[in-house]
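# Descriptive analysis of the structure
Residues per chain are reported as follows:
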Amino acid sequence: MESLNPPLEPRNADTAASDSGATPVRSRIAPVSAERLLENRIVAMADRNPAAIAYKVLRTHVLQQMRANNWKTLGVTSPTLGNGKTVTTINLAISLARDQKHTVLAVDLDLQRPSMAARLFDQPVPGLSDYITEDRPIEELLVKPDIERLVILPGSHSFTHSSEILCSPKMIELVNEIKDRYADRLILFDLPPVLGGDDVMAFAPYVDALLLVIEEGKTTKDQLTSAYELLHDRAKVLGTVLNKADEGSTRTGYSISY
Ligand SMILES: Nc1ncnc2c1ncn2[C@@H]1O[C@H](COP(=O)(O)OP(=O)(O)O)[C@@H](O)[C@H]1O
Ligand SMILES: [Mg+2]
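Quick caveat: nothing in here was measured; it's all calculated off a predicted structure. (Residues numbered from 1 in each chain as written. Chains lettered and ligands numbered in written order. Predicted model: local features only at pLDDT ≥ 70, side-chain atom pairs only at ≥ 80, totals over all residues. Heavy atoms only, no water.)

To continue, consider the overall build of the protein chain. The secondary structure content of the protein chain amounts to 9 helices and 9 strands. Taken across its 258 residues, the protein chain has 53% of its residues classed as buried. Across the protein chain, every contact between residues at least 6 apart in sequence was considered, and the portion connecting residues at least 24 apart equals 77%. (Helix = DSSP H or I, 4+ residues; strand = E, 2+ residues; numbered from the N terminus. Buried < 20%, exposed > 50% of the residue type's maximum accessible area, 1.4 Å probe, protein only. Contact = heavy atoms within 4.5 Å.)

What follows is the structure in structure tokens.
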């Protein structure tokens, strides 16, 4: 498999000091291969891929709203499992990071089924469960996937009582800490599905905005209505992404088909 960069041992990758003057973040670098990304539908770097253009349109919409409201955190969720939250989060994060004005941190907060790392990296990496259960410092868990201005905080093991853990003081402290560390860093959270438990309802107050990924031919009107009802603060929902859309579908602003 061709690697975008030669494999590297973990080392200090992100040495920029934080705005708060805190200790610089020491992320490990993990190689990503172009083939692996494409196999996993991570296409935002492939300029000629039509889906990459759709992600750029989504990026611009998200950026405009985030900037207008001075927001920094965006949660990506969907009504049910498998609608494309993780694929959307990673592609949007890459697309946002390619805009040179800011850096992006993508955090795997789907504690039910963490899958961000497996989509990006050839080898398993430690992740949030090591912070949750073993108090491993976050600095040791951040990974740079050889994509400029992008840092990943992966999940690792899944948790049964995910909503309690997601909203535990330890996790909220973590969310506040990563929000405050950099003034110009956008933070994307890959969340569990809204209808798959109470995780998103419980966590929604801690994010500035939410994006709802729906799946063409699978998400029903009832599921979408129920998801909106459960979210309470609908003003937080920036929009819906129609994923796995048939070509030419125009039912929502962002149709991602590939
Ligand atoms: N636009 C798309 N077109 C085709 N398949 C897709 C698309 N987006 C995601 N998938 C596939 O759907 C499955 C679920 O995607 P994933 O992002 O893991 O969903 P979720 O995180 O919502 O559970 C994966 O196999 C993924 O490759
Ligand atoms: Mg997922």
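Here we take up the pattern of salt bridges. Following the criterion strictly, the structure yields 10 salt bridges and no others. The partner of K170 in a salt bridge is D135, with the nearest N and O atoms 2.4 Å apart. One end of the pair, K170, is in helix α7 (residues 169-181); the other, D135, is in the loop between α5 (128-134) and β4 (143-144), with 35 residues separating them in the sequence. A salt bridge links R136 to E140; its shortest N-O distance comes to 2.9 Å. A relative accessible area of 25% means that R136 is categorised as partly exposed. Given a relative accessible area of 35%, E140 falls into the partly exposed group. What emerges from the salt-bridge pattern is a single network uniting D47, K56 and R98. (Salt bridge = Lys/Arg side-chain N within 4 Å of Asp/Glu carboxyl O.)

Before going further, it helps to examine the packing of aromatic side chains. Across all of its chains, the model carries 2 aromatic pairs by this definition. Geometrically, the ring pair formed by F189 and F203 is edge-to-face, given 5.6 Å between the ring centres and 90° between the ring planes. Of this pair, F189 sits in strand β6 (residues 185-190) while F203 sits in helix α8 (residues 199-203), and the two are 14 residues apart along the sequence. What makes F189 buried here is its relative accessible area of 0%. Plain terms: the ring middles of F203 and Y206 are 5.9 Å apart, the flat faces sit at 45° to each other, and that makes the pair tilted. Residue classification places Y206 among the partly exposed positions, given a relative accessible area of 30%. The ring of Y131 has K170 lying over it, and the distance from NZ or CZ to the ring centre is 4.9 Å. (Phe/Tyr/Trp six-rings, centres within 6.5 Å; stacked < 30°, edge-to-face > 60°. Lys NZ or Arg CZ within 6 Å of the ring centre and 35° of its normal.)

What follows deals with the site of ligand 1. Near ligand 1 you find 12 residues, and of these G82, K85, T86, N243 and K244 are the closest. When ligand 1 is considered free in solution it has 560 Å² of accessible area, and contact with the protein chains removes 79% of it. Per element, the largest residue contribution to the shell around ligand 1 is 3 residues, and it comes from helix α3 (residues 85-98). (Near = heavy atom within 4 Å. Areas by Shrake-Rupley, 256 points an atom, 1.4 Å probe, with all protein chains shown as cover.)

Now for the packing of helix α2 (residues 50-68) against α3. Here α2 crosses α3 at 75°, and the two axes come no closer than 9 Å. One way to sum up the angle between α2 and α3 is to call them roughly perpendicular. Where α2 abuts α3, its residues Y55, K56, L58, R59, V62 and L63 lie against V87, T88, N91, L92, S95, L96 and R98. Of the residues assigned to the contact of α2 with α3, the class counts are 7 nonpolar, 3 polar and 3 charged. (Axes fitted to C-alpha atoms, helices over the stretch in contact; angles between N-to-C directions. Parallel < 35°, antiparallel > 145°, perpendicular 65-115°, else oblique. Nonpolar A, V, L, I, M, F, W, Y, C, P; charged D, E, K, R; others polar.)

Moving on to α2. If you check α2, its first and last C-alpha atoms are 28 Å apart, about what 19 residues at 1.5 Å a residue would give, namely 27 Å. Within the span of α2, buried status applies to A51, A52, A54, Y55, L58, R59, V62, L63 and M66. Among the residues of α2, the N-terminal cap falls to N49, whose side-chain oxygen and the backbone nitrogen of A51 are separated by 2.8 Å. Of the residues flanking the end of α2, it is N70, one or two places downstream, whose phi is positive at about 60°. (Expected span 1.5 Å × (residues − 1). Polar contact = N/O pair within 3.5 Å; in protein donor to acceptor, adjacent residues only side chain to side chain.)

Residues of the protein chain with pLDDT of at least 70 account for 85%, and the chain-wide mean is 86. A low-confidence stretch, residues 1-23 (pLDDT under 50), is modelled with 52 contacts involving residues beyond four sequence positions or located in other chains. (pLDDT = per-residue confidence, 0-100.)

At D135, a position not held by glycine, the phi torsion is positive, near 60°. Classification of D135 by relative accessible area gives exposed; the value is 57%.

L74, L92, F121, L150 and L211 are the most contacted members of the largest nonpolar core, which totals 39 residues. At 7 residues, α3 tops the list of elements feeding residues into this core. Within the second largest apolar cluster, 33 residues are counted, among which are Y131, F159, L174 and V207. (Core = buried A, V, L, I, M, F, W, Y, C linked by side-chain atoms within 4.5 Å.)

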